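Coordinate analysis (summary)
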Amino acid sequence: MPKPSLKDAILDAGLKVMFRTGYHGTSVRDVTAAAGAPQGSFTNHFRSKEAFASEVLDRYFEITSGLVAEALDDASLTPRARLRRYLDIITFRLEADGYGRGCLIGDLSLEASGSSELLRERLAAIFAEWRAPFAACIRDAQTSGEIASDFAPDELADFLLASWQGAILRMKVDRSPKALERFKTIAFQTVFKEPT
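Cut-offs and rules
Residues numbered from 1 in each chain as written. Predicted model: local features only at pLDDT ≥ 70, side-chain atom pairs only at ≥ 80, totals over all residues. Heavy atoms only, no water. Helix = DSSP H or I, 4+ residues; strand = E, 2+ residues; numbered from the N terminus. Buried < 20%, exposed > 50% of the residue type's maximum accessible area, 1.4 Å probe, protein only. Contact = heavy atoms within 4.5 Å. Areas by Shrake-Rupley, 256 points an atom, 1.4 Å probe, with all protein chains shown as cover. Axes fitted to C-alpha atoms, helices over the stretch in contact; angles between N-to-C directions. Parallel < 35°, antiparallel > 145°, perpendicular 65-115°, else oblique. Left-handed = near helix turned anticlockwise from the far one by under 90°. Nonpolar A, V, L, I, M, F, W, Y, C, P; charged D, E, K, R; others polar. Arc of directions from axis to C-beta. Core = buried A, V, L, I, M, F, W, Y, C linked by side-chain atoms within 4.5 Å. UniProt positions renumbered as here; feature names shortened; annotations may be inferred. Polar contact = N/O pair within 3.5 Å; in protein donor to acceptor, adjacent residues only side chain to side chain.

Where an unreviewed UniProt entry is consulted, the chain appears under the name TetR/AcrR family transcriptional regulator, with the organism given as Bradyrhizobium xenonodulans.

Here the focus is the overall build of the chain. Along its length, the chain carries nine helices and zero strands. Put simply, the chain runs from its N terminus to its C terminus through helices and strands in the order α-α-α-α-α-α-α-α-α. Projected onto its principal axes, the C-alpha coordinates of the chain cover approximately 65 × 35 × 30 Å. Across the 196 residues in the chain, those meeting the buried criterion constitute 42%. Of the contacts made within the chain by residues no fewer than 6 positions apart, 69% connect residues no fewer than 24 positions apart. In the structure as shown, the chain presents an accessible area of about 10100 Å², 53% of it carried by carbon and sulfur atoms.

Here we come to the packing of helix α7 (residues 117–143) against helix α8 (residues 153–174). As a packed pair, α7 and α8 sit with axes 8 Å apart at the nearest point and diverge in direction by 120°. On the basis of their axis angle, the class for α7 and α8 is oblique. When you trace α7 past α8, the crossing you get is right-handed. For the pair formed by α7 and α8, the contact residues are Trp130, Arg131, Phe134, Ala135, Ile138, Arg139 and Gln142 on the first element and Pro153, Asp154, Leu156, Ala157, Asp158, Leu160, Leu161 and Gln165 on the second. Each residue belonging to the contact of α7 with α8 can be placed in one class, and the counts come to nine nonpolar, two polar and four charged.

This part is about the environment of Glu121. In this fold, Glu121 is placed in helix α7. In this structure the C-alpha to C-alpha distance between Glu121 and Asp174, which are 53 residues apart in sequence, comes to 30 Å.

Turning our eyes to something else, we now look at helix α2 (residues 28–35). Along α2, the residues that are buried comprise Val31, Thr32 and Ala35. The buried residues of α2 all sit within an arc of 90° when viewed along its axis, so they share a single face. Exposed residues on α2 whose side chains face more than 90 degrees from its buried face are Arg29 and Ala33. Buried residues along α2 sit in contact with α1 (7–21), α3 (39–45) and α4 (49–72). Once α2 finishes, Gly36 follows within two positions and takes phi at roughly 65°, a positive value.

Running from N to C, α1 and α2 point in directions that differ by 115°, and their axes come no closer than 8 Å. For the pair α1 and α2, the crossing hand works out as right-handed. Two secondary-structure elements touch here, α1 through Ala9, Ile10, Ala13, Gly14 and Val17 and α2 through Asp30, Val31, Ala34 and Ala35. Residue composition of the contact of α1 with α2, grouped by class: seven nonpolar, one polar and one charged.

Let us now look at the nonpolar core. Among the nonpolar cores identified, the biggest contains 57 residues, and Leu83, Tyr86 and Phe134 are the most heavily contacted of them. Contributions of two or more residues to this core are made by α1, α2, α4, α5 (79–96), α6 (104–111), α7, α8 and α9 (178–189). Ranked by residue count, the leading element in this core is α4, at ten residues. When neighbours within four sequence positions are excluded, Phe134 is seen to be in contact with Val68, Leu72, Leu83, Tyr86, Ala157, Leu160 and Leu161.

Within this structure's numbering, the places UniProt gives as "DNA-binding region" (unreviewed entry) are residues 27–46. From the first C-alpha to the last, residues 27–46 spans 13 Å; its make-up is 75% helix and 0% strand.

Before going further, it helps to spend a moment on the side chain of Ser116. Here Ser116 lies in the loop between α6 and α7. With a relative accessible area of 1%, Ser116 lands in the buried category. Looking at Ser116, its side chain comes within polar contact range of the main-chain nitrogen of Leu119, at 3.1 Å.

Below, the structure written as structure tokens:
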């Protein structure tokens, strides 16, 4: 009888460990210990630490995409309110972690994109995919007259994601929601303001 696969347990453990110690601070031993798996199980499923981190990113992005859909697909809200709803959902999750844990996509963008071409390419693809539903929502808000059309939806979506990541990084340093709230206030009073 074949042994059950430990791949999912290793990926789940890797997600938790990488959030705590980062890409460079995470060892195969740390991950397999957290998963309760022998070290050989890691090499059975992943050809390298980079390939493993790429799959951890995919798992994390799947969760993030679900949160994006929860907010941006809510037809009971206007498009502008949907954008705000997404930021509020993420703020609530960050609060639940005591403002000490941010976004794995942002964290690995800072830490690993300079040392791993594989992860840099995967992160670039994630940001492009992540931007699409925000650009669509912004386009809807511009079409309905809720947001000024001074900038293209793709540009505003890039601005939203990049600036929000910066606010999350600052939140981690301060262990406070002030940077998140400041971003939301300023962004919705200036960039995502209603046309005059």
